[in-house]
Amino acid sequence: MAVIFVCGIGQLSPGAYFLRHDLFPCIVTTITSPDTEQFTFEAALLLALLANFHKSDAAKLNPYLRRIRETTDEDMMRKLCWATNFAAAAVVKAYQSISDDTPSTISASLGSFLSSLRPDRVLSSKAIDPPARDLFRNQPIEACVTLLPLFEFLHGSARFRHVFADTLSIQSEKQTSTRIAPLPLTLLSLSSYLFSHASSSSSPRAIAYANLALNTLLVISESDEVLRALTKDTHEEIRICRQRLPPLPPFQPPSPPLCALLDCCILWLRHNLHRKLEVHCYLRNMYDWVGYHWQELWLALILLLDFLASKLESLTTTGGVEQLVQETVLVIDFALCRCEGLLPNPQAVHELVYEVVRSAEVFRKQRGLLERLANPHSVSQKRLSGTVPRAPQALSNIIALAELYEAKLREAGVRSANQGLRAVAKEIEKDGLSYGIDLHGTDDPP
């Protein structure tokens with residue numbers, strides 16, 4: 001009844017009753033008591049709703065935000081993780097029940113091929129990319145609201161981030177018996193499905209959940225403790241959405257879950273860049289070297305820059321475009337500047353340089369875009385005083401590299417992508433990678 005009431009009154013004055021009467025101890029008791037722990041999901045949701053009451057203009061007056069920040073009750077946090085994991089797994093299963101996107105194996109592929117040869121299936125047709133708008137219009141299911149308390153605790157409590165990271169190494173008896181992966185892995189899987197389908201369904205509700213999931217991953221990406229846990233190899237399977245084309249390569253354990261986090265970023269960039277940015281934040285931290293299909297990431301980042309340059313008129317009112325361009329340019333500059341330490345082999349370096357060279361025009365557009373967006377009084381520049389001076393120089397580094405190898409490819413008479421990649425590899429192997437000023441300190445995140 002309290003959940004329904006709080007949702008119904010919105011931000012109106014009757015909600016002040018819940019601010020004057022601190023229900024946090026009662027809610028925690030509901031979660032931790034053996035007699036009422038079956039209501040953990042509802043209790044956590046109520047707490048998150050109360051924490052959002054006048055959150056922007058009365059944060060200091062909201063006792064629930066302070067309680068979330070100061071609580072040290074790890075038993076309550078572990079039960080919250082368990083309930084969130086159970087609900088998130090149900091949301092993922094609901095997506096999978098609509099379209100089975102299990103990665104193909106050799107035996108499954110052979111069975112599918114033999115089945116297709118049956119007389120009754122020879123002429124049957126199968127859509128390559130089913131109409132997601134129709135199939136997934138009712139997704140995600142209601143259990144997806146579990147993302148709200150998860151975000152509030154991850155954002156507000158350092159102790160909860162420790163418990164959250166610890167679930168990767170400690171499986172509770174309930175998780176083991178139900179064979180549910182640890183919460184961080186389930187969150188990554190759920191995020192991949194939300195990012196793949198949010199914009200295609202054109203549902204404000206689906207887009208809002210994708211927004212919440214991306215903000216949650218942003219909090220994770222800014223937590224050193226959680227990122228350290230995500231860089232450790234896991235033998236658990238992480239189901240990344242493969243229901244929309246082109247699918248990403250399947251997650252192959254043992255691999256660090258950080259790879260799955262990057263996959264989520266790519267899925268959002270691939271499927272949500274339409275007439276406007278559907279989600280209002282971005283992931284900016286790349287932590288350390290991991291084995292990964294990096295070319296997919298470079299393509300997605302360059303696609304983002306091209307999208308921003310071509311859709312600027314419709315994006316300027318959403319805010320944050322200048323900051324997004326700057327951060328994206330700095331990530332690519334960092335990758336080029338530190339490629340030998342970041343990328344696993346020379347081929348990955350060659351692929352990065354070639355993608356930059358063949359997208360030289362996209363980077364040249366960014367120079368004019370940054371000049372148009374430049375405003376000495378902008379909020380983003382005040383907030384990113386250390387970033388703003390570096391972005392134009394980083395862009396100059398990238399453009400100089402692209403134009404250098406563009407000239408070499410013209411001299412070589414390159415006529416195809418394969419020839420271009422081979423020519424770039426030959427030049428790098430002969431003279432090394434010629435690059436500009438290193439703008440990144442020893443411990444600087446890009």
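Above: the structure in question.
Just so it is clear, the structure is predicted and the values come from calculations on it, not from any experiment.

Calculation rules
For every chain, the first residue of the written sequence is number 1, and numbering continues from 1 onward in sequence order. A pLDDT threshold of at least 70 governs which residues receive local features in this predicted model, and a stricter bar of 80 or more applies before side-chain atom pairs are shown or counted, although totals over entire chains, interfaces and linings include all residues. The basis for the side-chain values is all heavy atoms of the structure; hydrogens and waters are excluded. Secondary structure elements are defined from DSSP: runs of H or I of at least 4 residues count as helices, runs of E of at least 2 residues count as strands, and each element is numbered from the N terminus. The span one expects for a helix is its residue count, reduced by one, times 1.5 Å. N or O atoms within 3.5 Å of each other form a polar contact, as long as, within protein, one can give a hydrogen and the other can take it, and as long as residues adjacent in sequence are counted only when both atoms are side-chain atoms. Planes of paired rings set the category: under 30 degrees apart is stacked, over 60 is edge-to-face and the rest tilted, where pairs are Phe, Tyr or Trp rings (Trp by its six-membered ring) whose centres lie within 6.5 Å. Each residue is assigned to one of three classes by its accessible area relative to the maximum for its type, calculated with a 1.4 Å probe on protein chains only: buried under 20%, partly exposed between the two thresholds, exposed over 50%. Each salt bridge in this description consists of a side-chain nitrogen of Lys or Arg and a carboxyl oxygen of Asp or Glu lying within 4 Å of one another. The axes are straight lines fitted to the C-alpha atoms, using for helices just the contacting stretch, and the angles between their N-to-C directions are given from 0 to 180°. Roughly parallel refers to an angle under 35 degrees, roughly antiparallel to one over 145, roughly perpendicular to one between 65 and 115, and oblique to any angle outside these ranges. Residues count as neighbours in contact if any of their non-hydrogen atoms are within 4.5 Å of one another. Residues are grouped as follows: Ala, Val, Leu, Ile, Met, Phe, Trp, Tyr, Cys and Pro are nonpolar; Asp, Glu, Lys and Arg are charged; all remaining types, including Gly, are polar.

Engineer: Looking at this structure, I do not really get helix α6 (residues 74-98). What am I missing?
Structural biologist: Think of an α-helix as turning once every 3.6 residues; residues three or four places apart then point the same way. Taking 1.5 Å per residue as the helical rise, α6 with its 25 residues ought to reach 36 Å, and the 37 Å between its terminal C-alpha atoms agrees with that figure. Its side-chain oxygen 3.2 Å from the backbone nitrogen of Asp-75, Asp-73 forms the N-cap of α6.

Engineer: Would you explain the packing of aromatic side chains in this entry?
Structural biologist: Given two aromatic rings, their pairing is described by the distance between the two centres and the angle made by the two planes. Within the structure shown, the criterion is met by four aromatic pairs. With a centroid separation of 5.3 Å and 50° between ring planes, the pair formed by Phe-153 and Phe-160 is classed as tilted. A single burial state applies to Phe-153 and to Phe-160, both of which are buried. Each member of the aromatic cluster is reached from another via a ring pair, and the members are Tyr-95, Phe-136 and Tyr-193.

Engineer: Help me out: how do you make sense of the pattern of salt bridges in this one?
Structural biologist: Tallied over the entire structure, the rule returns 12 salt bridges. The partner of Asp-306 in a salt bridge is Lys-365, and the shortest N-O contact between them spans 3.4 Å. One end of the pair, Asp-306, is in helix α16 (residues 294-310); the other, Lys-365, is in helix α21 (residues 360-373), with 59 residues separating them in the sequence. Residue Lys-365 is classed as partly exposed on the basis of its relative accessible area of 39%. Linking Arg-358 and Glu-355 is a salt bridge whose minimum nitrogen-to-oxygen distance equals 2.8 Å. Of the two residues, Arg-358 and Glu-355 both sit in helix α20 (residues 346-358), three residues apart, roughly one turn of that helix.

Engineer: Is there a simple way to think about the packing of helix α9 (residues 147-156) against helix α10 (residues 158-166) in this case?
Structural biologist: The packing of two helices is summarised by the inter-axis angle and the distance between the axes. At a closest axis distance of 6 Å, the pairing of α9 and α10 adopts a crossing angle of 115°. In terms of orientation, α9 and α10 fall into the roughly perpendicular class. Across the interface between the two elements, Leu-150, Phe-153, Leu-154, His-155 and Gly-156 of α9 pack against Ala-158, Phe-160, Arg-161 and Phe-164 of α10. Taken together, the residues that form the contact of α9 with α10 break down as six nonpolar, two polar and one charged.

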